Structures are given as structure tokens and as C-alpha cells.
Amino acid sequence: MNIIAAVDKNWAIGNKGDLLIRIPADHKLFQNETMGKVVVLGRKTLATFPGGLPLRGRTNIIMSTNPNYQVKGAIVVKNLDELLKELEKYSPEDIFIIGGESIYRMMLPYCNTAHITKIDHSYAADSYFPNLDTMPEWQITADSDEQTYFDITYEFLKYEKCEEIF
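Residues numbered from 1 in each chain as written. Predicted model: local features only at pLDDT ≥ 70, side-chain atom pairs only at ≥ 80, totals over all residues. Heavy atoms only, no water.

So, on to the nonpolar core. Judged by nonpolar contacts, the single largest core of 27 residues is most densely connected at Val40, Leu87, Ile97, Ile116, Phe129 and Leu132. Of all the secondary structure elements, the ones that give two or more residues to this core are strand S1 (2–7), strand S4 (38–42), strand S5 (59–63), helix H3 (80–87), strand S7 (95–99), helix H4 (101–107), strand S8 (113–119) and strand S12 (152–161). Leu46, Ala74, Phe96 and Ile98 belong to the second-largest nonpolar core, a separate cluster that totals 13 residues. (Core = buried A, V, L, I, M, F, W, Y, C linked by side-chain atoms within 4.5 Å. Buried < 20%, exposed > 50% of the residue type's maximum accessible area, 1.4 Å probe, protein only. Helix = DSSP H or I, 4+ residues; strand = E, 2+ residues; numbered from the N terminus.)

This part covers the packing of aromatic side chains. Counted according to the given criterion, the structure contains 5 aromatic pairs. Measuring from ring centre to ring centre gives 6.0 Å for tryptophan 11 and tyrosine 159, while their planes differ by 65°; the resulting arrangement is edge-to-face. Separated by 148 residues along the polypeptide, tryptophan 11 in the loop between S1 and strand S2 (12–15) and tyrosine 159 in strand S12 bring together distant segments of the chain. With respect to class, tryptophan 11 is no different from tyrosine 159; both count as buried. Ring geometry for tyrosine 104 and phenylalanine 129: centres 4.7 Å apart, planes at 65°, overall edge-to-face. Of the two residues, tyrosine 104 sits in helix H4 while phenylalanine 129 sits in the loop between strand S9 (127–128) and strand S10 (138–143), which places them 25 residues apart along the sequence. With respect to burial, tyrosine 104 and phenylalanine 129 carry one shared label: buried. An aromatic cluster is present here, built from Trp11, Tyr104, Phe129 and Tyr159 joined pairwise through their rings. (Phe/Tyr/Trp six-rings, centres within 6.5 Å; stacked < 30°, edge-to-face > 60°.)

For the rest of this paragraph, the subject is H3. Residue pairs spaced three or four apart in an α-helix point in one direction, given the helix's 3.6 residues per turn. Inspection of H3 places Leu83, Glu86 and Leu87 among the buried residues, and these make up the whole buried set. Across the axial projection of H3, the buried residues extend over an arc of 95°, all falling on one side. Turned more than 90 degrees off the buried face of H3, the exposed positions are Asp81 and Lys85. Each element contacted by the buried residues of H3 is listed here: S4, S5, strand S6 (75–77), S7 and H4. The opening residue of H3, the one whose side-chain oxygen lies 3.2 Å from the backbone nitrogen of aspartate 81, is asparagine 79. (Arc of directions from axis to C-beta. Contact = heavy atoms within 4.5 Å. Polar contact = N/O pair within 3.5 Å; in protein donor to acceptor, adjacent residues only side chain to side chain.)

Note on placement: glycine 100 falls in the loop between S7 and H4. A C-alpha to C-alpha distance of 6.6 Å links glycine 100 and leucine 41, two positions 59 residues apart in sequence. Excluding residues that lie within four positions of it along the chain, glycine 100 makes contacts with Ile13, Gly42 and Thr45.

This part takes up the pairing of S12. Where S8 and S12 come together, 7 bridges link them in antiparallel fashion. Pairing of lysine 118 across the sheet is with glutamate 155, part of S12. Bridge count between S10 and S12: 5 bridges; the pairing is antiparallel. In the sheet register, aspartate 143 faces S12, and the bridge partner there is leucine 157. Direction of pairing for strand S11 (residues 147–149) relative to S12: antiparallel, over a ladder of 3 bridges. Pairing of glutamine 147 across the sheet is with tyrosine 154, part of S12. (Pairing = 2+ DSSP bridges.)

So far we have only geometry, and geometry alone does not tell us how the molecule works.
Put into C-alpha cells, the structure is as follows:
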């Protein structure tokens with residue numbers, strides 16, 4: 001499974017229910033990676049999308065503990081067991097975990113690849129992605145040249161979970 005996020009220097013991903021910054025090239029990468037695939041997200045993340053609607057061109061699986069929560073054009077699951085059972089229907093390489101913080105933390109152990117846009121800036125934030133740089137099982141296997149958006153620099157990194165050798 002894949003996980004995809006844009007993070008700042010401190011691995012922050014959001015503040016007050018919104019993204020830290022909108023970088024067009026990051027949005028394009030996200031769209032290219034996830035189009036035609038399965039995206040897994042939480043109810044609060046869905047609420048931040050335009051009109052609170054699922055992403056077009058993708059199978060949207062929303063996690064919500066509210067038993068009455070329904071979303072037109074999406075699959076809603078209530079807990080991790082339901083989610084994992086639903087995900088068995090799809091090829092692991094076609095699944096992308098897209099947030100928010102609690103979904104990222106819950107699903108990271110099930111993922112083998114992380115697509116991270118690392119922004120060289122520190123933002124005021126209240127939600128964070130797990131810091132892969134402090135986890136020895138995660139290693140950077142690909143990186144882009146440094147990119148610039150106005151005065152902000154960033155790079156696209158690919159982390160992969162490596163088998164631990166004992």
C-alpha cells in the first residue's frame with residue numbers, strides 16, 4: 001500500500017482543518033499518482049475537499065465511526081477491521097492513504113511506500129505525519145531535484161519500508 005502526503009520541516013501536514021500550503025506541482029503529483037486508484041481518507045479530510053465531495057476518477061473509501069454517515073459516490077467504513085476487509089478487494093499497489101493524521105498513523109504499518117513532498121519551511125500546525133526520518137525501517141529510495149514555488153523550496157521524496165535484517 002502507498003501513503004502520500006505533503007509535510008513541512010517538522011512533518012506537519014495541516015492547521016485548523018486545512019493544508020499548510022497549496023503547491024500546484026504537489027497537487028499535480030497527487031493527481032497523477034492517485035487517478036484511477038483507491039484513496040483512503042477520514043471524514044474530516046473529505047470535508048476539506050471542494051464541496052466536501054469525493055475525488056473524481058478514484059474509488060474513495062472514507063473512514064467514519066458515525067454509524068449513520070454516508071457519502072454519495074464513496075464507500076464508508078466504520079473501523080480498521082472493516083477497512084482492511086474492504087481493501088482486500090484491491091491490489092495493494094493501487095491503494096493510497098491520503099489522510100488525515102489519525103488515518104495516516106493507523107495505516108502507516110500497512111504501507112510499504114510513502115510519497116512525501118517535503119517542504120523546506122516550518123508552519124504553524126496542529127496535525128502531523130509520522131516522522132519517517134526517525135524510523136529505521138523507512139529509507140529514501142528516490143528524490144527529485146529541489147523545486148521552488150515562489151520563495152518556498154521543496155522536494156519530492158519516495159520512502160520505502162525496508163525489511164529489517166537480524
